[in-house]
Amino acid sequence: MTQVTRSSRWRVWHRWLSLIFGVQMVLWSISGAYMVFFDLDYIHGDHLVQEITQPIPASTSVATIGEVLNAHPHTQSVTLESLWYDGRQQAVYKLTGHNGEQLINATTLAPISFDEADIEALATRYYALPEPKVESVVYLTDNPPTELNPALLPIWQVNFDDFGSTSLYLSESTGEMLVKRHTFWRGFDIFWMIHIMDYDERVDIETWWLQAFIFGTFILMITGAVLLVYTISFKRKPKGGAA
Amino acid sequence: MRFMQWLHRWVSLILIIQVVLWLISATVFSIMGHHGMSGHQYMRHIHPEMLADESPQWSIQQVRATHPQADTILLTNVLGHPQYQVNVSGKWLYLDGHTGQPWQTDVNLAQALALASYDGPGQIAEVEQVTGAAEVVDWSAAGYRVQFADDLNTRVYVDAASGQIVEHRNTPWTIADWAFRLHFMDYSGERSFNHLLIWSAGLFALWFSLSGLMLLIRNISQGDFNPRRKPTWLEQLQRDEKPIASSCGGGGTCGLCKVTFTNNDVPTPTAAEKVMLSEAELTAGLRLACQHKVQAKDAVELANENVASHLLTLQNKRDLTPSIAELTFTSASRLDYQAGQFLQFKIPHESTVLERHYSLATVPNADNELVFTVRHMPAPKSGVPAGVGSSFLCRLQPGEHVEAIGPFGDFLLTKASSRQQVFIGGGAGIAPLRALVQAEQQSTTPRPAMFFYGARNSAELCYTEELEQNPHVTYVPVLSAVSEKERWTGQTGFVHEVAEAWLREQDAQQVDVYVCGPPLMLEATMKMLAELGVPRDHIKFDDFGI
Ligand SMILES: Cc1cc2nc3c(=O)[nH]c(=O)nc-3n(C[C@H](O)[C@H](O)[C@H](O)COP(=O)(O)OP(=O)(O)OC[C@H]3O[C@@H](n4cnc5c(N)ncnc54)[C@H](O)[C@@H]3O)c2cc1C
Ligand code: FES
């Protein structure tokens, strides 16, 4: 009854590969599970905000397009809507041109700018959950938090004291709510980072190390599959029995 | 851990296909990148013209009048032609900026739009009127599909009601789309990753990788990753579920893991082996499996060939002494053993199975009854549990079962020498010694035998009558803590001292000695035998560790 080492090479490979790639596999499944289990709309924070424009009463008269274009000739599009500022809902024109966006009063054509109180009032209107509690209003010009695309600077950040530590980001020129963030989005972002292994910008899915890990995990799976064939196809011997 | 392994295996069987699909699709994503997958390789943004170039003839006041409920009214232009976009309670309407009528997109405009949004090398090959498109999931309105003849097979979808470019699609996009289907397990093309199928896959994957992680941690803690640490033969044989006994867990102290190396250069014996094995055994290639790492060139043979697993049923139980119980089992399958051997019992304990060894206390008998003597191991002090294996066996009721593997051991009678046989024992060591004495008695020419057995007082003696009546044995019980009222007339003191006194009168070369008993007794006896010059090859012992 001579024994030979049956210590399979495959198992050795499977173990060593798992030491390197298996750990990432765990991270992939944890981050994947998070992203899968939380509804994407919820992650996006769709439940946090609502529409705030309202039809403009027929009695409000607004300037003609001709008058608008006279004052602002380099305009590619004009939007007429209503917005809350200075303590009431007012008709505004939003102008888009090569130089970005600009807001003017639709009746007087006077330019509109927002101070902290305006922004807070607007954010509270955007906020869809009951009892908005604004914790802070911050005007960001540089050093944006990681959750914000730096191209959007300067921007108003309005932080709410709520379950998800909601932050709404409002355009400084139009008061429009551009970005919404809450804890579960932030969690998603971190797991996304872990999932794509771009720990820096969290966007690059083409890094060589991601590709290396995918390849390594692939080999790990192949060694695992071979072991599976070994262990499942051979009938299990009775425990400890030699017969 | 067996459960973990089982779980890891079966979950992986179910999951491995999906994991491979995940990896393949991830490779596609990673190689193509966001831009490569977007279908926008040849797409360019259409900037509206300046409104002042062509003012609308239909005024915004007229739009307000016809759509008083509008939330938003947007004036822009489509390739220079003014257009109103009106939002009424979330729905967008598109009006011609000159007439106020619903916007119209004809084939020519669609072509012009498609061209304006395209900066690739191709020309328009075909324009087709469509209603929605399978490859544009959220779009089901009327419009155009403008096909370009280029290397990427670009097609541009134009929405008729708004005159807007809906999407660019091309071959890389289609490949990426399949990768998304595979990755998200959403074969509807909607690229949703919040649905039942992927939830279950996600859970499985979590189980799979976490059970793998646990196994990995076990491997690390076992030192499997230390490149210098190969498994010992004992570990290897245990992993392969080969019949090999060990009661010291590979410490080189129990001597149960004996194997024979059959290759030419047998490893040099370690210090532990020089203690546990006799010279003859060492020259015969016997080694302790726990002392040597597996080497590719090694070939190893197990000592016990007819080892098998047996299901034992308790038939009878009686107390021999206050601390030793005699248990009689029968086995469902035939068990051939030799006197002096033992079985490895599988003791269920909490969620695991422990291994404990018990020696057979008789020679094999016709009824295939298996007799053991088990010393009950009480807790040495309060707060410490009593012995697990002995308690389990002593609690066992007739009719109940226990699994045991064996037989193991080479605590056997010497062969073919006419030397004086000497048995020295104490405590639970009675079991193998009694079996050996019985075997000697049954042999054709029984050799003369002495049996020194140590106990503290006369209540601890067992099988006295049987041993005294055996014509071939001189039985010498020795008591170490005898009390007055016992009226003991026999030997007193330590059993090895009494044996020593007798052995001094003998020719040390002409005795075979068998020793089994508590560790201290065993140690003292071995020392005494060495001093008397009894050849190591003539000494056999069994270390119970108790
Ligand atoms: C080859 C061989 C043959 C054998 N033959 C026999 C035989 O025929 N008969 C026999 O009775 N035995 C025999 N033994 C011994 C037997 O295998 C067991 O070792 C013995 O029964 C004790 O096991 P247990 O599970 O009862 O005690 P264990 O659970 O292993 O505990 C051992 C002792 O330690 C104490 N203890 C437990 N936990 C602690 C703690 N935390 N701190 C301090 N102390 C603690 C226990 O109370 C007990 O006294 C043999 C052993 C070998 C190797
Ligand atoms: S396992 Fe105890 S000596 Fe090898």
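Residues numbered from 1 in each chain as written. Chains lettered and ligands numbered in written order. Predicted model: local features only at pLDDT ≥ 70, side-chain atom pairs only at ≥ 80, totals over all residues. Heavy atoms only, no water.

- The name recorded for chain A in an unreviewed UniProt entry is PepSY domain-containing protein, from Pseudidiomarina homiensis.

### Observations concerning the overall build of chain B
And step 1. Across its full length, chain B holds 13 helices and 22 strands.
And step 2. The burial tally for chain B puts 51% of its 546 residues in the buried class.
And step 3. Excluding contacts between residues fewer than 6 apart, the proportion of contacts in chain B whose partners are at least 24 apart in sequence is 62%.
And step 4. For chain B, the exposed surface amounts to about 25700 Å²; the carbon and sulfur share of it is 55%. (Helix = DSSP H or I, 4+ residues; strand = E, 2+ residues; numbered from the N terminus. Buried < 20%, exposed > 50% of the residue type's maximum accessible area, 1.4 Å probe, protein only. Contact = heavy atoms within 4.5 Å. Areas by Shrake-Rupley, 256 points an atom, 1.4 Å probe, with all protein chains shown as cover.)

### So, the side chain of Thr217 of chain A
And step 1. By the secondary structure assignment, Thr217 of chain A is in helix 6 (residues 208-233).
And step 2. Ignoring sequence-local partners within four residues, the contact set of Thr217 of chain A consists of Phe21, Met25 and Trp28 of chain A together with Leu23 of chain B.

### Some words on unusual backbone geometry
And step 1. Of the consecutive residues Leu153 of chain A and Pro154 of chain A, the connecting peptide bond is found in the cis state with omega at -10°.
And step 2. Of note, Pro154 of chain A is situated in the loop between strand 5 (134-140) and strand 6 (155-160).
And step 3. Here the residue pair Gly406 of chain B and Pro407 of chain B is connected by a cis peptide bond, since its omega of 0° sits within 30 degrees of zero.
And step 4. Examined against the element boundaries, Pro407 of chain B turns out to sit in strand 16 (residues 401-408).
And step 5. The residue Arg191 of chain B is not glycine, and still its phi comes out positive at about 55°.
And step 6. Mapping Arg191 of chain B onto the fold places it in the loop between helix 4 (171-184) and helix 5 (196-221).
And step 7. On the basis of relative accessibility, which here comes to 26%, the residue Arg191 of chain B falls in the partly exposed class.
And step 8. A positive phi angle, near 55°, is found at Tyr463 of chain B, a position not held by glycine.
And step 9. Summarising the element assignment, Tyr463 of chain B is placed in the loop between strand 18 (449-455) and helix 11 (464-469).

### A closer look at the sheet that holds strand 2 (residues 77-85) of chain A
And step 1. Here we have six strands laid out as an open sheet, ordered 4(A)-3(A)-2(A)-1(B)-2(B)-3(B), and antiparallel in their pairing. In this open sheet, the two edge strands, each paired with only one partner strand, are strand 4 (100-105) of chain A together with strand 3 (91-96) of chain B. Strand after strand, the sheet turns through a mean of 25° between neighbouring axes, direction not considered.
And step 2. Inspection of the sheet shows strand 1 (residues 72-78) of chain B paired to strand 2 (residues 81-88) of chain B by seven bridges, in the antiparallel sense. What sits directly across from Thr72 of chain B, in strand 2 of chain B, is Asn87 of chain B. (Pairing = 2+ DSSP bridges. Axes fitted to C-alpha atoms, helices over the stretch in contact; angles between N-to-C directions.)

### A look at empty space enclosed by the protein
And step 1. Evaluated as defined, the whole model comprises one cavity of 30 Å³ or more.
And step 2. Looking at the largest cavity, its volume works out to about 510 Å³.
And step 3. Forming the boundary of the largest cavity are 28 residues, of which His14 and Ser18 of chain A together with His8, Gly212 and Leu215 of chain B lie nearest the centre.
And step 4. Breaking the lining of the largest cavity down by element, the ones donating at least two residues are helix 1 (9-37) and helix 6 of chain A together with helix 1 (2-38) and helix 5 of chain B.
And step 5. Taken together, the residues that form the lining of the largest cavity break down as 13 nonpolar, 11 polar and four charged. (1 Å grid on protein atoms, 1.4 Å probe; cavity = no way out; pocket = protein on both sides within 12 Å on 5 of 7 lines; lining within 4 Å. Points joined across faces, edges and corners; volume = space filled by probe spheres on them. Nonpolar A, V, L, I, M, F, W, Y, C, P; charged D, E, K, R; others polar.)

### Examining the environment of Ser29 of chain A
And step 1. Locating Ser29 of chain A in the fold gives a position in helix 1.
And step 2. Accessibility expressed as a relative area gives 7% for Ser29 of chain A, which makes it buried.
And step 3. In the structure, Ser29 of chain A is positioned 166 residues away from His195 of chain A in sequence and 8.5 Å away in space, judged by C-alpha atoms.
And step 4. Setting aside its immediate chain neighbours within four residues, Ser29 of chain A contacts Ala205, Leu206 and Ser209 of chain B.
And step 5. In this structure the side chain of Ser29 of chain A is engaged in a polar contact, spanning 2.5 Å, whose partner is the side chain of Ser209 of chain B. (Polar contact = N/O pair within 3.5 Å; in protein donor to acceptor, adjacent residues only side chain to side chain.)

### Quick word on the interface of chain A and chain B
And step 1. Counting from both sides, the interface comprises 73 residues of chain A and, opposite them, 77 residues of chain B.
And step 2. Counting each side, the surface lost to burial between chain A and chain B is near 6100 Å², with a carbon and sulfur contribution of 63%.
And step 3. At the boundary of chain A with chain B, the tally comes to zero salt bridges.
And step 4. Across the chain A-chain B interface, the total number found is 16 residue pairs in polar contact (both at pLDDT 80 or more).
And step 5. Where the side of chain A that touches chain B is concerned, the elements lending two or more residues are strand 1 (2-3), helix 1, helix 3 (65-71), strand 2, helix 5 (183-196) and helix 6 of chain A.
And step 6. Residue contributions to the side of chain A that touches chain B peak at 15 residues, all from helix 1 of chain A. (Buried area = accessible area lost by both parts, 1.4 Å probe. Salt bridge = Lys/Arg side-chain N within 4 Å of Asp/Glu carboxyl O.)

### Focus: the nonpolar core
And step 1. Counting residues in hydrophobic clusters, the biggest one holds 40 residues, and the most contacted among them are Trp28 and Met221 of chain A together with Val19, Met37 and Phe208 of chain B.
And step 2. Elements with a contribution of two residues or more to this core: helix 1, helix 5 and helix 6 of chain A together with helix 1, helix 4 and helix 5 of chain B.
And step 3. Element by element, the count of residues in this core is highest for helix 1 of chain B, at 11 residues.
And step 4. The contact partners of Met221 of chain A, leaving out residues within four places of it in the chain, are Met25 of chain A together with Ile16, Val19, Leu23 and Phe208 of chain B.
And step 5. Within the second largest apolar cluster, 39 residues are counted, among which are Trp233, Ala289, Met521 and Met528 of chain B. (Core = buried A, V, L, I, M, F, W, Y, C linked by side-chain atoms within 4.5 Å.)

### With respect to the site of ligand 1
All names here are of chain B.
And step 1. Taken together, 26 residues sit near ligand 1, with Arg356, His357, Tyr358, Gly389 and Ser390 positioned nearest.
And step 2. Pro378 has a polar backbone atom sitting 3.4 Å from an oxygen atom of ligand 1.
And step 3. Between ligand 1 and the protein, one listed contact pairs an oxygen atom with a backbone N or O atom of Gly389 at 2.5 Å.
And step 4. Expressed as a share of its isolated accessible area of 980 Å², the protein-covered part of ligand 1 is 78%.
And step 5. Those elements that provide at least two residues to the shell around ligand 1 are strand 14 (352-359), strand 15 (369-375) and helix 9 (388-395).
And step 6. For the shell around ligand 1, the element with the highest residue contribution is strand 14, accounting for four residues. (Near = heavy atom within 4 Å.)

### Some words on a negative patch on the surface
Residues and elements named next belong to chain A.
And step 1. A cluster of like negative charges, contributed by Asp86, Asp115, Glu116 and Glu120, occupies part of the molecular surface.
And step 2. Assignment of secondary structure puts Asp115 in the loop between strand 4 and helix 4 (116-126).
And step 3. Judged by relative accessible area, Asp115 falls into the partly exposed class, the value being 41%. (Patch = residues over 30% accessible without salt bridge, like charges linked within 9 Å, V, L, I, M, F, W, Y side chains within 5 Å. Lys, Arg positive; Asp, Glu negative; His and termini not counted. Charge placed at Lys NZ, Arg CZ, Asp CG, Glu CD.)

### Looking at the UniProt feature "transmembrane region" (unreviewed entry) in chain A
And step 1. Here the UniProt feature "transmembrane region" (unreviewed entry) sits at residues 16-37 and 208-230 of chain A.
And step 2. Structurally, residues 16-37 of chain A is divided into 100% helix and 0% strand, and its ends, taken at the C-alpha atoms, are 31 Å apart. (UniProt positions renumbered as here; feature names shortened; annotations may be inferred.)

### Points about helix 3 (residues 107-116) of chain B
Residue and element names in this part refer to chain B.
And step 1. All of the buried residues in helix 3 are Leu109, Ala110, Leu113 and Ala114. The buried side chains of helix 3 occupy one side of the element, clustering within an arc of 135° when seen end-on.
And step 2. Check the buried side of helix 3 and you find it contacts strand 1, strand 5 (142-149), strand 6 (155-159) and strand 7 (164-169). (Arc of directions from axis to C-beta.)

### Notes on the sheet that holds strand 7 of chain B
Residues and elements named next belong to chain B.
And step 1. Strand order in the open sheet made by the four strands is 4-5-6-7, with antiparallel pairing throughout. What marks the edges here is a single partner per strand, and that holds for strand 4 (123-131) and strand 7. Strand-to-strand twist in this sheet, taken as the mean axis angle between neighbours without regard to direction, amounts to 20°.
And step 2. Pairing between strand 6 and strand 7: five bridges, direction antiparallel. When the bridges of strand 7 are listed, Arg155 appears paired with Arg169.
And step 3. The sheet contacts of helix 3 involve strand 4, strand 5, strand 6 and strand 7, and relative to strand 5 the element is tilted by about 50°.

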